[in-house]
Amino acid sequence: MEPLVVDVVYFYPKENAQTHNTVKFEVVNEENPTVTIVRRGQPFNGVVRFTRAFDENEDIVQLVFSLGDKPQMDTQGSIFLHRDVVPDKHAWVAKILDVQGDTVSFEVSTPITVPVGCWALRVVTRLKSSSAREFYDFDQDLYILFNPWNPDDQTYMEDTALLQEYVLNDVGKVWVGPIKTTRGKPWFYGQFDAAVLPACMFMLDRAEMPFHLRGDPVKMTRVISRIINSNDDAGVLVGRWDGQYDDGTAPSEWTGSVDILAQYLETQQEVPYGQCWVFAGVATTVCRALGIPSRVVSNLVSAHDANSSLTVDKYYSETMEELDYDPNNPSGADSIWNYHVWNDVWMARPDLPPGYGGWQAIDATPQETSSGLYQCGPAPLEAIKQGVIGLGYDVEFMLASVNADLMRWRKDPESESGYSMVDTNNYHIGRMVLTKKPYVFDPLGDEDRMNITAEYKHSEGTASERLALMNGVRYSERAKRYFAIAGNLNSDISFNLREIDTVSIGQDFRITVDIENKSTEGRNIKAALSATSVFYNGVKAEIVKKVEGKVFVGPGKHEEVSILVKADDYLPKLVEYCNMKISAMAIADETKQSWADDDDFQILKPNITIKFNEDLILEQPATAVLSFVNPLDRALTGCEFRVTSAGVAGRTLRLAAPDAPPHSLVSVELPVQPKKLGTINFVATFKSAELKDINGAVSVEVFEG
């Protein structure tokens, strides 16, 4: 009998994609798809055709699946084609479904813990009566991904409807900006783009993640948090926060993740530049592409606790001048970010005691090292909420991010430690934790905002919230010392820094402090008020205005001190995102009672509106108009819009716009030709020399012609 030689192997990419929830991947929708994408622990179908008729009694067919260049026990599946097979969720199984002459239809099942990635297949054939083997190497890509739809998968989500959002939604929003003016910045994840899975494989290889560990979502997400920043191992994005981005793309200009991942894959170099929401947006794309449920989380008023004290410390001189360093921590000062963005990923945690599965926090922004590398998480939200800091990974850092106490210290030669505590009102850390609400996308409003603060912490000021933080403090010697001092403050004057709600760009604003003397004697108060432009990570850029003075407050009396900040004072000194910090400090001559407080707000800018002059019809050219009104008393120069959508050629377009006179309409026309039916999203950003970080988005229906 002549040997059995394989002519062709085919894996029905479109049909398998239907049952495996992978039908949205672009490559399986091509005319003749050559890439198969399936999920683990679930059968998929294939067919093999030989150069002669298949004889079940004489021919032996072996399928050898392998991952990586050095297959071993966990990264190789070697199975014989049989008619009668016993299903086994922990094993590779191949079952003959039908034999038609030279063609055999079969079904393959993979173990529920199989490592994810791009698998190779070799078909080995021989006759029962001979030891001579024939080999056939399948030359197309076969991706096996996590399967959160399968109850046996570690990423399984009981409420599978939520997977429409956390795995299959390719657009979302990231909440950025200070607490009072936070707004959702639309972001195009694009996890189904043809460049994304190859980019994921490339970055895992560059991170040197062992193939046999790639089935464990705990280890996988920890590696993802490390390789999305470039700090240790030439990862995807270079972080930069100083406003100097001319040799790359400014973080505020990105509209989504695909351009970043495509550039990384193509150049094999780190991509400049990212900030927290860019790291988090790319992490979501990677997790969703691989099948790990993921969401972007924004913490408004976020602590960076550099010395593990579960406090954020600010230092002042004897006369209440703010010091820019931490005398007790040379390795770096604690800081408070207006907001910080990271990710939650969903999985069971068999490596921890029961009760810590579900959402886990990972943070891809490089802030502090963990086990010597810039990686963070996965930290169970339940452990963060209860203050259980001994569990893996990085619960302590995340607990401080959402729940540290702000402590202020004044140099005081009479105090034993050299510092005395400064009275402070209520500048809480972790004021609000936000994510996008499932199933809703509201490009211009906030209907899609979901407050998940209660998943991270007990309500501020409740006994449970104090207990969780103190639970963390109990494990930390350094934190114990801090909290011991906080117990005893004497204060007979109350100070209040009035909050500023909203200021539109070009408007003046006023800083006011109310002082009330509750004692029976008059008090001389030295006060300082300042407005400073700041980067969103809390680093000061320039002082816009500062005033110091003395005021006498009689017994039982109320006084106020204030300064007016004009648009001409702040416009030349604004930095990206237009964040302002107002600070007030005061000290009483007689009692040395000292007080300090800050407030952050953002100078508000207009949004881009995106309008269509007609209904969008499949494959028909149409025009979108992008516009907003220049809010400034000066012209805008060097204007450019950047738009990402499935409806534009080449995915992302950059459009120059003419200079815009003061208070005039800035607008461009965008040619559109939709390639698919249903809802498509447009995400836009705008920059000019005078005004940056203007955003807009729209969802629009495409109809049949």
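Right, let's walk through the structure included here. (Residues numbered from 1 in each chain as written. Predicted model: local features only at pLDDT ≥ 70, side-chain atom pairs only at ≥ 80, totals over all residues. Heavy atoms only, no water.)

Observations regarding the overall build of the chain
To keep it simple, the criterion reads: Elements are defined by DSSP. Helices are runs of H or I of four residues or more, strands are runs of E of two residues or more, and each kind is numbered from the N terminus. Here the globule rule reads 2.2 Å times residues to the power 0.38, and the radius of gyration is calculated from C-alpha atoms. Here the term buried applies to any residue with accessible area under 20% of the maximum for its type, exposed to any over 50%, and partly exposed to those in between, with areas from a 1.4 Å probe on protein chains only. Contacts are assigned to residue pairs with any non-hydrogen atoms lying within 4.5 Å of each other. Accessible areas in this description were obtained via Shrake-Rupley with a 1.4 Å probe; residue shielding takes into account the shown protein chains only. His is not counted, nor are the chain ends; Lys and Arg add positive charge and Asp and Glu add negative charge. Note that the charge is assigned to NZ on lysines, CZ on arginines, CG on aspartates and CD on glutamates.
A tally of regular secondary structure across the chain gives 12 helices and 39 strands. Computed over C-alpha atoms, the radius of gyration of the chain comes to 30 Å, within 12% of the 27 Å expected from 2.2 N^0.38 for 705 residues, which places it in the range of a compact globule. Overall, the chain is about 110 × 60 × 40 Å in size when its C-alpha atoms are taken along their principal axes. Of all 705 residues assigned to the chain, the portion counted as buried reaches 58%. In the chain, the share of contacts with a sequence separation of at least 24, taken over all contacts with a separation of at least 6, comes to 69%. For the chain, the accessible area works out to roughly 28,000 Å², and carbon and sulfur atoms hold 48% of it. Of the charged side chains in the chain, 66 are positive and 99 negative; the average position of the first set lies 3 Å away from that of the second.

Some details on the pattern of salt bridges
Defined as follows: Each reported salt bridge corresponds to a side-chain nitrogen of Lys or Arg within 4 Å of a carboxyl oxygen of Asp or Glu.
With the rule as written, the count across this model stands at 40 salt bridges. Put simply, K89 and D152 hold a salt bridge, and the shortest N to O gap is 3.3 Å. Note that K89 is positioned in the loop between β5 (76–80) and β6 (93–100) and D152 in the loop between β9 (134–145) and α2 (163–166), a separation of 63 residues in sequence. Relative accessible area serves as the criterion here: at 44%, K89 is assigned to the partly exposed category.

As for the sheet that holds strand β16 (residues 322–323)
Spelled out, the test is: Here the rule is simple: two strands pair whenever DSSP picks up at least two bridges between them.
Reading across the sheet, the 4 strands line up as β16-β15-β20-β21 and stay open at both edges, with mixed pairing between neighbours. Each edge of the open sheet carries a strand with a single partner, namely β16 and β21 (419–421). Across 3 bridges, the pairing between strand β20 (residues 405–411) and β21 is antiparallel. By the bridge assignment for β21, W409 is matched with M421.

Some thoughts on the packing of aromatic side chains
Which entries qualify depends on this criterion: Two rings belonging to Phe, Tyr or Trp (six-membered ring only in the last case) form a pair when the distance between their centres is within 6.5 Å. Interplanar angles under 30 degrees mark stacking, angles over 60 mark edge-to-face geometry, and anything in between is tilted. In this scheme, the term charge over a ring applies when either NZ of a lysine or CZ of an arginine sits within 6 Å of the ring centre and within 35 degrees of the ring normal.
Within the structure shown, the criterion is met by 28 aromatic pairs. Ring centres of W337 and Y536 lie 5.5 Å apart, and the angle between their planes is 80 degrees; this geometry places the pair in the edge-to-face category. You can see W337 sitting in strand β17 (residues 335–347) and its partner Y536 sitting in the loop between β27 (523–534) and β28 (540–553), a full 199 residues away along the chain. The class for W337 is buried, based on a relative accessible area of 6%. A relative accessible area of 0% means that Y536 is categorised as buried. One aromatic cluster is present, built from ring pairs that chain together W241, W277, F279, W337, Y339, Y536 and Y577. Positioned above the aromatic ring of W359, the side-chain terminus of R295 is 4.2 Å from the ring centre.

Topic: the nonpolar core
Note the cut-off: In this description, a nonpolar core means a group of buried Ala, Val, Leu, Ile, Met, Phe, Trp, Tyr and Cys residues linked to one another through side-chain atoms lying within 4.5 Å.
Counting 110 residues, the largest nonpolar core has W277 and Y456 as its most contacted members. Of all the elements, helix α6 (residues 276–290) adds the most residues to this core, at 11 residues. Apart from residues no more than four positions distant in its own chain, Y456 is found in contact with V297, W342, D344, A361, L381, I384, K385, V402 and V433. Core analysis: the second largest hydrophobic core is formed by 62 residues, V513, W595, V648 and A657 among them.

Focus: the side chain of K581
Structurally, K581 is set in strand β30 (residues 579–588). Residue classification places K581 among the buried positions, given a relative accessible area of 7%.

What about the pairing of β6?
Of the pairings in the sheet, the one linking β6 to strand β7 (residues 103–109) comprises 7 bridges and is antiparallel in character. Across the sheet, the residue bridging to K95 is E107, located in β7.

Quick look at the sheet that holds strand β3 (residues 44–50)
Which entries qualify depends on this criterion: An axis is simply a line fitted to the C-alpha atoms; with a helix, the fit covers only the stretch in contact. Between two such axes, the angle follows the N-to-C directions and lies from 0 to 180 degrees.
Strands sit in the order β1-β3-β7-β6 across an open sheet of 4 strands; the sheet is antiparallel. Where the open sheet ends on each side, the last strands, each with one partner, are β1 (6–10) and β6. Adjacent strand axes in the sheet meet at a mean angle of 25 degrees, parallel and antiparallel pairs treated alike.

Overview of unusual backbone geometry
Residues other than glycine predominantly adopt negative phi, and peptide bonds predominantly adopt the trans conformation. Geometrically, the link from P272 to Y273 is a cis peptide bond, its omega value of 5 degrees lying close to zero. The omega torsion of the bond from G392 to Y393 falls at 0 degrees, within 30 degrees of zero and hence cis. Looking at the secondary structure, you find Y393 in the loop between α7 (381–386) and α8 (395–403). Not every positive phi belongs to a glycine, and Y439 is a case in point at roughly 70 degrees. The backbone phi angle of K592 is positive, close to 60 degrees, even though this residue is not glycine. Mapping K592 onto the fold places it in the loop between β30 and β31 (594–604).

Remarks on α8
Turn by turn, an α-helix covers 3.6 residues, leaving residues three or four places apart pointing in a common direction. Of all 9 residues in α8, 8 are buried, a share of seventy percent or more. The set of residues buried in α8 consists of V395, F397, M398, L399, A400, S401, V402 and N403.

Notes on the pairing of strand β22 (residues 432–436)
When you tally the buried positions in β22, you get 5 out of 5 residues, the bulk of the element. Residues M432, L434 and K436 of β22 are buried on one face, and the alternating residues V433 and T435, pointing to the opposite face, are buried as well. The pairing of strand β14 (residues 294–304) with β22 spans 3 bridges and is classified as antiparallel. Among the inter-strand pairings, L300 is bridged to a residue of β22, identified as M432. For β22 and strand β23 (residues 449–451), the ladder comprises 3 bridges, and the chain directions are antiparallel. Note that in β23 the partner of K436 across the bridge is R449.

Some remarks on the environment of N471
Within the secondary structure, N471 is located in helix α10 (residues 463–474). Take N471: its relative accessible area is 16%, and that puts it in the buried class. Residues N471 and M432, 39 residues apart in the sequence, show an inter-C-alpha distance of 21 Å.

Considering the environment of I96
Along the polypeptide, I96 turns up in strand β6. When the C-alpha positions of I96 and W337 are compared, they lie 59 Å apart, and in sequence the two are 241 residues distant.

Thoughts on the side chain of S252
The topology assignment puts S252 in the loop between β12 (237–239) and α5 (258–267). For S252, a relative accessible area of 8% puts it in the buried group. Other than its neighbours up to four places away in sequence, S252 contacts K185, W277, Y577, T685 and D693.

Some remarks on the packing of helix α3 (residues 196–206) against α5
Packed helices, taken two at a time, are described by the angle their axes make and the gap between the axes. Our working rule: Throughout this description, any angle smaller than 35 degrees is read as roughly parallel, any larger than 145 degrees as roughly antiparallel, any in the 65 to 115 degree range as roughly perpendicular, and the remainder as oblique. In a left-handed crossing the near helix is turned counterclockwise from the far helix by less than a right angle, and in a right-handed crossing that turn is clockwise. Lys, Arg, Asp and Glu make up the charged group, whereas Ala, Val, Leu, Ile, Met, Phe, Trp, Tyr, Cys and Pro make up the nonpolar group; the residues left over, Gly among them, are polar.
At a minimum axis distance of 9 Å, the contact between α3 and α5 shows a crossing angle of 55 degrees. Our classification of the angle between α3 and α5 gives oblique. The two elements α3 and α5 meet at a crossing, and its hand is left-handed. Residues V196, P198, A199, F202, M203 and R206 of α3 form the contact with α5, whose own contacting residues are V258, L261, Y264 and L265. Residues belonging to the contact of α3 with α5 are distributed by class as follows: 9 nonpolar, no polar and 1 charged.

No statement about biological role is implied by the geometric values presented.
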